[in-house]
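Per-entry structural report
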Amino acid sequence: MKKQTARNGRKVIIIFGWILIWQGLSIWIGNDILIAGPVDVGKALIRNIGDPEFIKSAGNSFVKISLGFFLAFSSGVVIASFTHRFPLLGEILQPVITLMKTVPVASVVILLLIWTTSENLSVAVSFMVTFPAIYFQMQEGIRSVDHKLLEMAQVFELSPWKKIWYLYRPAVLPYLAGSCRAAVGMGWKSGIAAEVIGVPNHTIGERLYTAKIYLETADLFAWTIVVLILCSLFEKTVFLVLGWINRKGRTK
């Protein structure tokens with residue numbers, strides 16, 4: 001308890017120290033367009049939160065980017081399972097998944113804008129960026145299952161569901177947790193970037209683009225803080241669910 005309290009205290013001091021450096025840098029530069037100070041950003045954040053459009057913009061971006069992530073997570077788990085069972089399918093899909101992993105986000109955004117509207121742009125981009133990470137880590141997790149345990153399960157004729165729950169789940173969860181730690185951040189960064197390029201109505205990306213057009217640096221920082229908070233909340237939710245699944249397996 002004392003160690004945790006000490007760690008929390010250090011975190012607060014470190015954050016406060018960086019805020020002081022930020023404020024000092026803002027005063028030294030003396031130009032709110034180049035860098036807005038924490039006081040101005042705080043005022044902008046409060047002003048934006050009080051705006052009736054705040055919930056709509058933040059909510060739209062949160063729902064769309066979250067949807068892209070969950071589609072990537074569920075399809076990554078399912079497709080990786082099938083490609084492990086049918087290696088030929090994995091060979092067929094490998095070029096497509098590798099392309100998804102390496103293609104620049106800007107290229108994807110421009111192509112999607114040519115093919116369709118910008119409304120669901122962040123869903124598609126978040127999906128394409130996070131899917132490969134989930135897929136490859138799921139494959140690694142499946143391959144890590146002890147073959148002796150699989151042979152034992154075959155001898156005792158365990159049902160497919162029991163194999164998944166008692167053998168594959170404990171092996172796969174650490175890999176999925178590791179991939180989610182990186183994929184959540186990538187999904188949010190790419191999703192917001194897609195919104196800034198496509199400028200769909202009533203999204204955080206639109207508000208960031210507007211702040212850039214009108215040189216409202218304080219608003220730009222304020223909306224960036226909103227993105228960081230939403231991303232953090234989403235990440236905590238994902239890990240709460242994974243932790244619940246892990247605990248559920250231990251109690252069965």
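Notes on the structure in this doc start here. (Residues numbered from 1 in each chain as written. Predicted model: local features only at pLDDT ≥ 70, side-chain atom pairs only at ≥ 80, totals over all residues. Heavy atoms only, no water.)

**Focus: a positive patch on the surface**
Among the surface-exposed residues, Arg7, Arg10, Lys11 and Lys236 lie close enough to one another that they form a single positively charged patch. Looking at the positive patch element by element, the count peaks at three residues for helix α1 (residues 2-29). When you line up the elements, Arg10 lands in helix α1. (Patch = residues over 30% accessible without salt bridge, like charges linked within 9 Å, V, L, I, M, F, W, Y side chains within 5 Å. Areas by Shrake-Rupley, 256 points an atom, 1.4 Å probe, with all protein chains shown as cover. Salt bridge = Lys/Arg side-chain N within 4 Å of Asp/Glu carboxyl O. Lys, Arg positive; Asp, Glu negative; His and termini not counted. Charge placed at Lys NZ, Arg CZ, Asp CG, Glu CD. Helix = DSSP H or I, 4+ residues; strand = E, 2+ residues; numbered from the N terminus.)

**Concerning the packing of aromatic side chains**
Two numbers describe a pair of aromatic rings. These are the distance of the centres and the angle of the planes. Tallying each qualifying case throughout the model produces 13 aromatic pairs. Members of the aromatic cluster, joined through ring pairs, are Phe62, Phe69, Phe70, Phe73, Trp188 and Phe234. (Phe/Tyr/Trp six-rings, centres within 6.5 Å; stacked < 30°, edge-to-face > 60°.)

**Concerning helix α5 (residues 105-115)**
Among all positions of α5, only Val108, Val109 and Leu112 are buried. Buried residues along α5 cover an arc of 100° about the axis, so they all sit on one side. Taken together, the buried residues of α5 touch α6 (121-143) and α8 (160-198). (Buried < 20%, exposed > 50% of the residue type's maximum accessible area, 1.4 Å probe, protein only. Arc of directions from axis to C-beta. Contact = heavy atoms within 4.5 Å.)

**Some remarks on the pattern of salt bridges**
Scanning the model with the defined rule gives four salt bridges in all. Close ionic contact of Asp51 with Arg207 constitutes a salt bridge, the shortest N to O distance being 3.2 Å. Here the residue Asp51 occupies a position in the loop between α2 (38-49) and α3 (53-85), and Arg207 occupies one in helix α9 (residues 204-213), the gap between them amounting to 156 residues. Between Lys64 and Glu119 there is a salt bridge, and its shortest N-O distance comes to 4.0 Å. Of the two residues, Lys64 sits in helix α3 while Glu119 sits in the loop between α5 and α6, which places them 55 residues apart along the sequence. Classification of Lys64 as buried rests on a relative accessible area of 13%.

Interpretation note: all reported values are geometric properties and have no functional meaning in isolation.
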